[in-house]
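# A look at the structure
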Amino acid sequence: MCVCQTMEVGKYGKNATRSGDQGVLLEPFIHQVGGHSSMMRYDDHTVCKPLITREQRFYESLPPEMKEFTPEYKGVVSVCFEGDSDGYINLVAYPYVENEALEQDDLPERDQPRRKHSRRSLHRSSSGTEHKEEKPGLASDSTESIQETKSPRVDLHIHSDVPFQMLDGNSGLSSEKISYNPWSLRCHKQQLSRMRSESKDRKLYKFLLLENVVHHFKLPCVLDLKMGTRQHGDDASEEKAARQMKKCEQSTSATLGVRVCGMQVYQLDTGHYLCRSKYYGRGLSIEGFRNALYQYLHNGIELRKDLFEPVLAKLRSLKAVLERQASYRFYSSSLLIIYDGKDSRAGMFVERRPEMRLKRVDGSVPEGLQDGGGTEPGSPAQPKVDVRMIDFAHSTFKGFRDDPTVHDGPDMGYVFGLESLINIMEQMREENQ
């Protein structure tokens, strides 16, 4: 099925899953909370996504002071379909060979046909946890060999021991507790559908290798924020620009310069992740955005007040860096805020979870679970947090790829979003001291 099945791989990613002692078997990245391109797990430290040349070149030309706030760029791999003995198709990565693989169409947006997906059909295809019997033939122009193969397997080799639960009632995503963020599977199925529909003309694809920025977190709590007051690139068609401007006008992108694009937060009282999707984020008012941020910082038992200072410090530092990047525009990019749901007291919370469900008569919190109640003397260690910019497919700066439109000064729409985020977090900190 794939011409690269005969290629030998000289070096595997650490802890990568091998496919027949050749390529690296890719699986959906279980902690993807937003976006539309499927993020795939390459190894414990690395994820990959379909390559768009503009994004690749942007990563390669990042100013040094921005690298602290972006995933490390690790190169390119070739990816293809392969069938296993059971007839299921998988995505397998191989070392990239020049001129052999193709990236996503790198045409200006006005020349790209709009992908028309039925929200209803996508919701239906992602509504359950069992997908093995899903019918193939997702596109009429698929080759016969692809039509005869089964869907990609979703009984993932890599999964979370902590269940996920999507809270969105109108997103069409499963509300059942499953072992991966339901948005990641949704993106994966859409990506496979697109690739299968193109399989007649394309055998190999180029994928970007990027740092897995949640690797260091035991229970990664992730907030994906779409930043800026404008989302369309300079080369967007009038139709796409109008669609994107409408989304901004009808959301907190216009009023705050930022909107929720996805979220997962670990709950100590129940032992699972609560998830939100971009559809939830689009409908939020300013007060709704504040409440979403509060929910992201709440572990089901208490507000993680210890996170305010380290997150604010990162946001202020990023704001200072971006204010120095003249002519840069980060249209449609996102910002990830990450912290560990397993803080210094998480083990104690989990062990005493049944005790938390049985409220005391006087309504008090059990001793040792109150704020600052740690098992070790002294102040608790500073919590680990991270802030990273991602998704640069529509970014530009002066002299980049001979872009005809040159902007003056820093990206003030993005900076406005950071200022709003900082102000809201500062107010929340003051209200909860």
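Use the structure listed above.
One structure accompanies this document, and this report is about it.

## Side note on the overall build of the protein
A count of helices and strands for the protein gives 12 helices and 15 strands. Taking all 433 residues of the protein together, 55% fall into the buried category. Long-range contacts, defined here as pairs at least 24 residues apart, represent 78% of the contacts in the protein between residues at least 6 apart. Carbon together with sulfur atoms contributes 47% to the accessible area of the protein, which is approximately 19,900 Å² in total.

## Here's the deal with the pairing of strand β11 (residues 272-276)
Walk down a regular strand and you will see the side chains alternate between the two sheet faces. Of all 5 residues that make up β11, 5 are buried, and the element is covered over most of its length. Bridge analysis of strand β7 (residues 164-166) against β11 gives 3 bridges, and the strand direction is parallel. Looking at β11, one finds that Met-166 is bridged to Cys-275. The antiparallel hairpin formed by strand β10 (residues 258-267) and β11 contains 4 residues in its connecting segment, where Gly-271 sits at a positive phi of about 80°.

## Side note on the pattern of salt bridges
Taken as a whole, this structure holds 17 salt bridges when the rule is applied. The partner of Lys-49 in a salt bridge is Glu-55, and the shortest N-O contact between them spans 3.2 Å. Judged by relative accessible area, Lys-49 falls into the buried class, the value being 6%. Classification of Glu-55 by relative accessible area gives buried; the value is 1%. A salt bridge links Arg-324 to Glu-65; the nearest nitrogen and oxygen atoms lie 2.9 Å apart. One end of the pair, Arg-324, is in the loop between α9 (308-322) and β12 (329-330); the other, Glu-65, is in the loop between α1 (53-60) and β5 (73-83), with 259 residues separating them in the sequence. On the accessibility criterion, Glu-65 (33% relative accessible area) is partly exposed. Salt bridges here are not isolated pairs; linked through shared partners, they connect Lys-49, Glu-55 and Asp-391.

## So, the packing of helix α8 (residues 286-296) against helix α12 (residues 412-431)
Two elements in contact, α8 and α12, have axes separated by 11 Å at closest approach and are oriented at 65°. Taken together, the axes of α8 and α12 are roughly perpendicular relative to one another. The crossing of α8 and α12 is right-handed. Together, Phe-289, Arg-290, Leu-293 and Tyr-294 of α8 and Leu-421, Ile-424, Met-425, Gln-427 and Met-428 of α12 make up the contact between the two elements. Here the residues of the contact of α8 with α12 sort into 7 nonpolar, 1 polar and 1 charged.

## Some details on the side chain of Ser-420
Mapped onto the elements of the fold, Ser-420 is located in helix α12. A polar atom in the side chain of Ser-420 sits 2.7 Å from the backbone oxygen of Leu-256. If we ignore the near neighbours within four places in the chain, the residues touching Ser-420 are Leu-256 and Val-258.

## Notes on the sheet that holds strand β9 (residues 220-227)
As summarised here, the arrangement of the 6 strands in space is β7-β11-β10-β9-β13-β14, forming an open sheet in which the pairing is mixed. Pairing within the sheet leaves two strands with one partner each, and these edge strands are β7 and β14 (385-390). Across this sheet, the average inter-strand angle for adjacent strands is 15°, counted without regard to direction. Pairing of strand β13 (residues 334-340) with β14, which is carried by 6 bridges, proceeds in the antiparallel orientation. Each residue of the ladder has a partner; that of Ile-338, found in β14, is Asp-386. Across the sheet, α12 lies against β9, β10, β13 and β14, angled at about 30° from β13, the strand it touches most.

## A closer look at the packing of aromatic side chains
A complete count under the given rule lists 16 aromatic pairs for this structure. Geometrically, the ring pair formed by Phe-58 and Phe-400 is edge-to-face, given 5.8 Å between the ring centres and 85° between the ring planes. With Phe-58 in helix α1 and Phe-400 in the loop between β15 (395-396) and α12, this residue pair connects regions lying 342 residues apart in the sequence. An identical accessibility class is assigned to Phe-58 and Phe-400; each is buried. One aromatic cluster is present, built from ring pairs that chain together Phe-58, Tyr-59, Tyr-73, Tyr-328, Phe-330, Phe-392, Phe-397, Phe-400 and Tyr-414. Here the guanidinium or amino end of Arg-230 rests over the ring plane of Tyr-331, the centre of that ring lying 4.0 Å away. Positioned over the ring face of Tyr-280 is Arg-276, at 4.0 Å from the centre of the ring.

## Re the environment of Val-406
With respect to the element layout, Val-406 can be found in the loop between β15 and α12. It is 8.9 Å that separates the C-alpha atoms of Val-406 and Tyr-328, two residues lying 78 residues apart in sequence.

## Considering the packing of α9 against α12
At a minimum axis distance of 10 Å, the contact between α9 and α12 shows a crossing angle of 160°. Of the possible angle classes, the one that applies to α9 and α12 is roughly antiparallel. Helix-helix and strand crossings are classified by hand; for α9 and α12 the assignment is left-handed. Residue-level contacts link Phe-308, Glu-309, Val-311, Leu-312, Leu-315, Arg-316, Leu-318, Lys-319 and Leu-322 of α9 to Tyr-414, Val-415, Leu-418, Glu-419, Leu-421, Ile-422, Met-425, Glu-426, Met-428 and Arg-429 of α12. When grouped by side-chain class, the residues that make up the contact of α9 with α12 number 13 nonpolar, no polar and 6 charged.

## Here we look at the side chain of Gln-32
Take Gln-32: it is sitting in the loop between β2 (23-28) and β3 (40-43). Engagement of the side chain of Gln-32 in a polar contact is seen with the backbone oxygen of Gly-34, the distance being 2.9 Å. Here Ser-37 takes part through its backbone oxygen, which lies 2.9 Å from a polar atom of the side chain of Gln-32. Sequence-distant contacts of Gln-32, that is, excluding residues within four places in its chain, are made with Ser-37, Ser-38, Met-39, Asn-181, Trp-183, Ser-184 and Cys-187.

Procedures and definitions
- Residues numbered from 1 in each chain as written.
- Predicted model: local features only at pLDDT ≥ 70, side-chain atom pairs only at ≥ 80, totals over all residues.
- Heavy atoms only, no water.
- Helix = DSSP H or I, 4+ residues; strand = E, 2+ residues; numbered from the N terminus.
- Buried < 20%, exposed > 50% of the residue type's maximum accessible area, 1.4 Å probe, protein only.
- Contact = heavy atoms within 4.5 Å.
- Areas by Shrake-Rupley, 256 points an atom, 1.4 Å probe, with all protein chains shown as cover.
- Pairing = 2+ DSSP bridges.
- Salt bridge = Lys/Arg side-chain N within 4 Å of Asp/Glu carboxyl O.
- Axes fitted to C-alpha atoms, helices over the stretch in contact; angles between N-to-C directions.
- Parallel < 35°, antiparallel > 145°, perpendicular 65-115°, else oblique.
- Left-handed = near helix turned anticlockwise from the far one by under 90°.
- Nonpolar A, V, L, I, M, F, W, Y, C, P; charged D, E, K, R; others polar.
- Polar contact = N/O pair within 3.5 Å; in protein donor to acceptor, adjacent residues only side chain to side chain.
- Phe/Tyr/Trp six-rings, centres within 6.5 Å; stacked < 30°, edge-to-face > 60°.
- Lys NZ or Arg CZ within 6 Å of the ring centre and 35° of its normal.

Don't take any of this as a statement about function, it's just geometry.
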